[in-house]
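One-letter residues, chain by chain:
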Amino acid sequence: MTGSSRARTSDHWWQHPFRMVQTNLRLIDADMDADQVADFVARHGADAWLVNTGGIYASHTSRLASQTVNPELTTRPGGDLVSDAVTAAHARGLRYLARMDFSKVLPEHAAAHPDWLYSGPGGERQVFNGLSTTCPSAGYFQDEIFRILDQVLGTYDVDGFFFNWFMYSEYDYAYRYYGPCHCEACHRRFEADTGLTLPTYRDDAAYPRWQEWSRSMILDLGRRLRAHIHARKPGTPLILHDTADLRYVEANNAVGRAPWHHQTSESVSAALTYLPDAPVLVNCVSFLDFPYRMGAEEPERFAQYLIQAIARGANISTYIMGYPGRIPYPSTALAGEITRFHRDNQAAYDRLRQDSPILLVSPGEHLGPPPLPPRVAEFRGLYRALLETHHPFDVVLHQHLGELGDEALARYRLVILPASGALSPDAVAVVDRYVATGGALLGTLDSGTDGGEAQLASLGVRAVKPAGSGRDLLSAYAEVDEQTILPLHGTLVTPVLRDGAEAQWPILPPAPFGPPEYCYGHERSGDAGLVLGRYGAGRSAVISWSIGTSYEEIGTRLIRDALIGVVDRLAPGTSLETDLPPQVELVLGRAPGRQVVHVINHVHATAHSYAEPVHLAGRQLRLPGAAGQRARALVAGTDLRTQDKGDDLVVDLPVIERFEVLVVDEEQRPAGTAVVAKGNS
């Protein structure tokens, strides 16, 4: 399934903007007053409610041997929480979404069906709080959950399903690592599909192939479940992954994780760049981490989850443990403000698409502790540099680049590959065609190379050779010009140039750096820090060291500005002219008849969270190609004063607190006024 092939085939409710509240219920929450909680969901601004329904425990009367009814329901009149919640939701115009968790089973089911369970390389089980982890290859996932879904669909008028922890579990809740499952079903299926022996650990040669195989198994099972649900109740969405109706993204925190304030924006952008017609739901977590479910998230950080999600065109959800009032989550009040804003301005978000001129390729999210993996550090440095210089950009995952197709890639003026390493054959082909037809490409370090040999004909290098890393680079520099000497940090390669390529930014190898009396003697090596190339109608550049990592870990503006200078040479005019500070993010979007610009204020960001917002007043933003159009600020709720400058529209911005949303009405465009060009200039 490619980014251009997932077309909208019908017009279901979930294909338009919506908002959700998840009450993740514990056993003791069986006393929930469904009417009171449904009232809360409606007041919050949501129109969907996700409630624990079945799986580990059933919140309803069940006839199936594989389902254990929550024993606390015996104290509830009628003994059926799902029935009460469905009735309360529908009475208020809310949609009831059923949360199912098939990842674990109770001891009695584990004893009766050991063939359903995860089995480690040494035969060990994953058991946590008495619950045994199940395996997606085995009979519980492959057969029994279809019967469980049939019971729910045949008994209750549910409006959708979400499956929690739908994966091959290598870890438990305490982050203990167990390795790939070695149950009989996994052995049989993996060896039949790949001809390989199951790996036992992450450093085994077959482990990458197991990762691909396990993902394909999950995607295939998701397709089957989606088809089954639609056959029983057409139009009922499955919230899951790329083969589902609604794709699920979780915005969350974790103790010890390397901080990254842009996690939500990155992950939503990557999802919607890949499949722009498949809606995304972002579930925003109100607590700090799995072990700290009663530890409340900082409200301002939580607000960023929601703001970044809607800016990229996703649907939003507020996720709390228990039901409202049982655990204090101060973020819910602020979350309600943003949720109601999205509800009240739903028309502006309907069919909203990302509309940036730059595409940044991501190696994938890093949700672990520091230090960052080298490719992630390189990506994040480039991400920050673009954001701070107001160059709007979209993100795509490395693994999805080759699936975008020519049409999807052609709308970008610049593609950036930060230290990508080897690309798939499909990615090589689509990127080379993109540059040949007029696109621009920027790589760093070893982008588009495999074993040092260039895969991309569109880059100006035939090969790259290792030249040093870490301490090898102490006192080494790249000479950008007479006034700009950049420290080399991270990793350096020596590029072998193609015919016609241009070498710039001479490398200055290490010279003595102490004591001060000896700090001189650098001589140009003849190697290039920057290689410029031409390919067909397009242009390319390669920076031969990890300049993104340098900016991420050193942070001097000289590094950032040299990098951005290359961006502007390849794709001039892709930044937005503004006097907003660099900590303000600009996200460009477009919907039928209107341009939508989100202005996200990160000035109040701290090292690990956010403080109280810093208000910004008296600022302007220049929008290319928008002369003669009307601009309105949705948060401030006011039309904005504007003036034309040539083909551009200069907008006087209102006071900005956390964020603002500008809607530029293209119906007001005078005849002959051009939209901002997407072609390479």
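So, how was this worked out
Residues numbered from 1 in each chain as written. Predicted model: local features only at pLDDT ≥ 70, side-chain atom pairs only at ≥ 80, totals over all residues. Heavy atoms only, no water. Salt bridge = Lys/Arg side-chain N within 4 Å of Asp/Glu carboxyl O. Buried < 20%, exposed > 50% of the residue type's maximum accessible area, 1.4 Å probe, protein only. Helix = DSSP H or I, 4+ residues; strand = E, 2+ residues; numbered from the N terminus. Expected span 1.5 Å × (residues − 1). pLDDT = per-residue confidence, 0-100. Contact = heavy atoms within 4.5 Å. Pairing = 2+ DSSP bridges. Axes fitted to C-alpha atoms, helices over the stretch in contact; angles between N-to-C directions. Polar contact = N/O pair within 3.5 Å; in protein donor to acceptor, adjacent residues only side chain to side chain. Phe/Tyr/Trp six-rings, centres within 6.5 Å; stacked < 30°, edge-to-face > 60°. Lys NZ or Arg CZ within 6 Å of the ring centre and 35° of its normal.

Another aspect to go through is the pattern of salt bridges. Counted under the stated rule, the structure contains 37 salt bridges. Taking the shortest distance from any N to any O, the salt bridge between R76 and D84 comes out at 2.9 Å. Given the relative accessible area of 30%, D84 is considered partly exposed. The residue D157 makes a salt bridge to K233 at a minimum N-O spacing of 2.6 Å. Taken as a pair, D157 in the loop between α4 (139–155) and β7 (160–164) and K233 in the loop between α6 (207–232) and β8 (238–240) lie far apart in primary sequence, 76 residues in all. With relative accessibility at 25%, the residue K233 sits in the partly exposed group. A single salt-bridge network, built from bridges that share partners, covers R26, D29, D31 and R326.

Turning to helix α13 (residues 425–436), a few remarks are in order. Count 3.6 residues to each turn of an α-helix, and residues three or four apart come out pointing the same way. End to end, α13 covers 17 Å across 12 residues, agreeing with the expected 16 Å (1.5 Å per residue, within 8%). Looking only at α13, the buried set comprises A427, V428, V430, V431, D432, Y434 and V435. Where α13 terminates, the next one or two residues include G438, which has phi positive at roughly 120 degrees.

Once that is clear, we can look at the confidence of the model for the protein. Across the protein, the average pLDDT comes to 95, with 96% of residues at 70 or higher. Across residues 1–8, confidence stays below pLDDT 50; counting only partners more than four residues off in sequence or on other chains, it has 26 contacts. When the criterion is pLDDT under 50, residues 669–681 qualifies, and its contacts beyond four places in sequence or with other chains add up to 31 contacts.

Turning our eyes to something else, we now look at unusual backbone geometry. Here P370 and P371 are connected by a cis peptide whose omega angle stands at 0 degrees. Relative to the elements of secondary structure, P371 occurs in the loop between β15 (358–362) and α11 (374–388). Of note, the bond from G514 into P515 is cis; its omega dihedral lies within 30 degrees of zero at -5 degrees. As for its position among the elements, P515 is in the loop between β25 (502–508) and β26 (528–535). Although it is not a glycine, N129 adopts a positive phi angle of roughly 50 degrees.

Here we have eight strands rolled up into a closed barrel, ordered β1-β2-β3-β7-β8-β9-β10-β13, and parallel in their pairing. Taken pair by pair, the neighbouring strands of this sheet meet at an average axis angle of 30 degrees, ignoring direction. Pairing between strand β1 (residues 19–24) and strand β13 (residues 315–321): six bridges, direction parallel. Each bridged residue has a counterpart across the sheet, and for T23 the counterpart in β13 is I320. Strands β1, β2 (48–55) and β13 of the sheet are contacted by helix α1 (residues 34–44), whose axis makes an angle of about 135 degrees with β2. Those strands touched by α4 are β2, β3 (95–101) and β7, and its axis lies near 145 degrees from that of β7.

By the element assignment, H262 lies in the loop between β9 (246–251) and α7 (263–274). Using a relative accessible area of 8% as the deciding quantity, one classes H262 as buried. If sequence neighbours within four positions are ignored, H262 has contacts with Q308, Y383, L387, E585 and H602.

What follows is about the environment of Y610. As for its position among the elements, Y610 is in the loop between β30 (594–601) and β31 (620–623). C-alpha of Y610 to C-alpha of R301: the two residues are 309 residues apart in sequence and 5.4 Å apart in space. Here Y610 is in contact with H261, E298, E300, R301, Q304, Q308, H602, H604 and A605, once residues within four sequence places are set aside. Polar contacts involving the side chain of Y610 include one to the side chain of H602, which spans 2.7 Å.

Note on aromatic pairs: each is described by the distance of the centres and the angle between the planes. By the definition in use, this model includes 28 aromatic pairs. Ring geometry for Y118 versus Y178: centroids 6.2 Å apart, planes at 80 degrees, classification edge-to-face. Remark: Y178 occurs in the loop between β7 and α5 (184–194) and Y118 occurs in the loop between α3 (107–112) and β5 (127–128); sequence separation between them is 60 residues. In this pair, the class of Y118 matches that of Y178, namely buried. Measuring from ring centre to ring centre gives 5.4 Å for F287 and Y319, while their planes differ by 80 degrees; the resulting arrangement is edge-to-face. Taken together, the residues F287 in strand β11 (residues 287–289) and Y319 in strand β13 connect sequence positions 32 residues apart. Assigned by exposure class, F287 and Y319 land together as buried. Among the aromatic residues, ring-to-ring pairing joins F102, W116, Y140, F141, F161, F163 and F166 into one connected group. One Lys or Arg, K104, reaches over the ring of W165 and ends 4.2 Å from the middle of that ring. In this arrangement the basic side chain of R202 is found over the ring face of Y177, its NZ or CZ atom lying 3.9 Å from the centre.

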